[in-house]
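Structure assessment
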Amino acid sequence: MRINGHGHILPEPFQIPKFMKEKKLFWIDEDKKFMRQGDWSRPITGKGFFMKEKMEWMNQHKIDHAVMLCLSQLYCNGWEKQDCIDAIRFQNDFNASVQRDYPAKFTCGFVVQPLYMDNALMEIERCVNEFELKLLCLPTHFLNAHGEWLSIADDEVDPIFELANKYKLAIQIHPYDGEKMIALKNQYWRFHLVWMMAQCADSLHLFTLRNLPNKYPNIRTSFAHGGMLGIANYGRRIQGFDGRPDIFDKLQDPRKTLGHKNLYFDTLVHDSHTLDLLKKRVGVSQLIMGLDDPFPLGEIEGVGTSYPGRVVDYAVEIGVITQQEGKDIWHKNILDWLGITIKALDK
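Attention in this report is confined to the structure presented alongside it. (Residues numbered from 1 in each chain as written. Predicted model: local features only at pLDDT ≥ 70, side-chain atom pairs only at ≥ 80, totals over all residues. Heavy atoms only, no water.)

1. Concerning the overall build of the protein
- Across its full length, the protein carries 15 helices and 13 strands.
- By the compact-globule yardstick of 20 Å for 347 residues, the protein fits well, its C-alpha radius of gyration being 19 Å.
- Referenced to the eigenvectors of the C-alpha coordinate spread, the extents of the protein come out at roughly 55 × 50 × 45 Å.
- Every one of the 347 residues in the protein was classed for burial, and the buried ones make up 56%. (Helix = DSSP H or I, 4+ residues; strand = E, 2+ residues; numbered from the N terminus. Rg over C-alpha atoms; globule rule 2.2 N^0.38 Å. Buried < 20%, exposed > 50% of the residue type's maximum accessible area, 1.4 Å probe, protein only.)

Right, dumping it as structure tokens:
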């Protein structure tokens, strides 16, 4: 069985509540050519954005099951409370319906917003107990009540991790909103190509300094896009930890959580040399297949030499990983991260 551990799916335009378009929170054009939010828009191109096309695309590429994450546009950073509550409820209801209607094909995540903690905790309870969802999607950063951008690993978020630990949830941490955090002109796609990687690295930095993998031993956390800069930056973090102990008083040595059994990284790193570094740093057992379909930065056909699974295939070809390790990335490792067995998918 081949399982994709990082994918996205859009609702049909008619499935999105009217208030979301009226308030310009998020909507999709009736002709399904653009998704929109406020003054922002992006074209809907390629295959697999909507259910029918997604199923056809999966069958074409022999993908038996897929993990559908939340939409980054609906992390709701900086939104008014009621808008946030309503939009997140819609997102989670939609993802729950996908998993309910196609349990053999999809495992779906749900999202909460840490700014509104009481509501976030109630939403976790609802999604776990009512929908039996097992994957919590979190942004790398969120905007707090004081207008400060904080890492998702900040201690303000501990109640969420405590409840996730209680329910033994899988977690996926994904970057977004870089252009709101960093005072650089939004051009050259810099916030997707560079700063998303930095956002993951920043969250991984604090996640390990605060020893969250051991503090909350029942959760298994995956960092999107291979946590790329976080892995490449490991040596610098060690140098800083050793060189300025005054800054890191009562925090954990990053060496202690490198390769931790509850820290996972998806394979969306775009080249086999980076995958090789990832394997050497954290071990192949901590790598899960992540295609990030259907977006053009994902492993999809029609973009250069890309196709679903290309990086892992080439890594096997040049001896970076074995064939069995490649199979585990597609299957066993994802089940371990999700905390489920193959029987749970055979419904």
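That shown, we press on.
2. Considering a nonpolar patch on the surface
- On the surface, Trp189, Leu193 and Val194 cluster together into a nonpolar patch covering about 280 Å² of accessible area.
- A residue is classified by how much of its surface remains accessible, and Trp189, at 39% relative accessible area, is partly exposed. (Patch = residues over 30% accessible without salt bridge, like charges linked within 9 Å, V, L, I, M, F, W, Y side chains within 5 Å. Areas by Shrake-Rupley, 256 points an atom, 1.4 Å probe, with all protein chains shown as cover. Salt bridge = Lys/Arg side-chain N within 4 Å of Asp/Glu carboxyl O.)

3. Quick look at the pairing of strand β5 (residues 65-68)
- Along β5, one buried face is formed by His65 and Val67 and the opposite face, lined by Ala66 and Met68, is buried too.
- Bridge analysis of strand β1 (residues 3-7) against β5 gives three bridges, and the strand direction is parallel. Considered in β5, the bridge of Asn4 is made with Ala66.
- Across three bridges, β5 lies against strand β6 (residues 106-111) in parallel orientation. Bridging from a neighbouring strand, Ala66 pairs with Phe106 of β6. (Pairing = 2+ DSSP bridges.)

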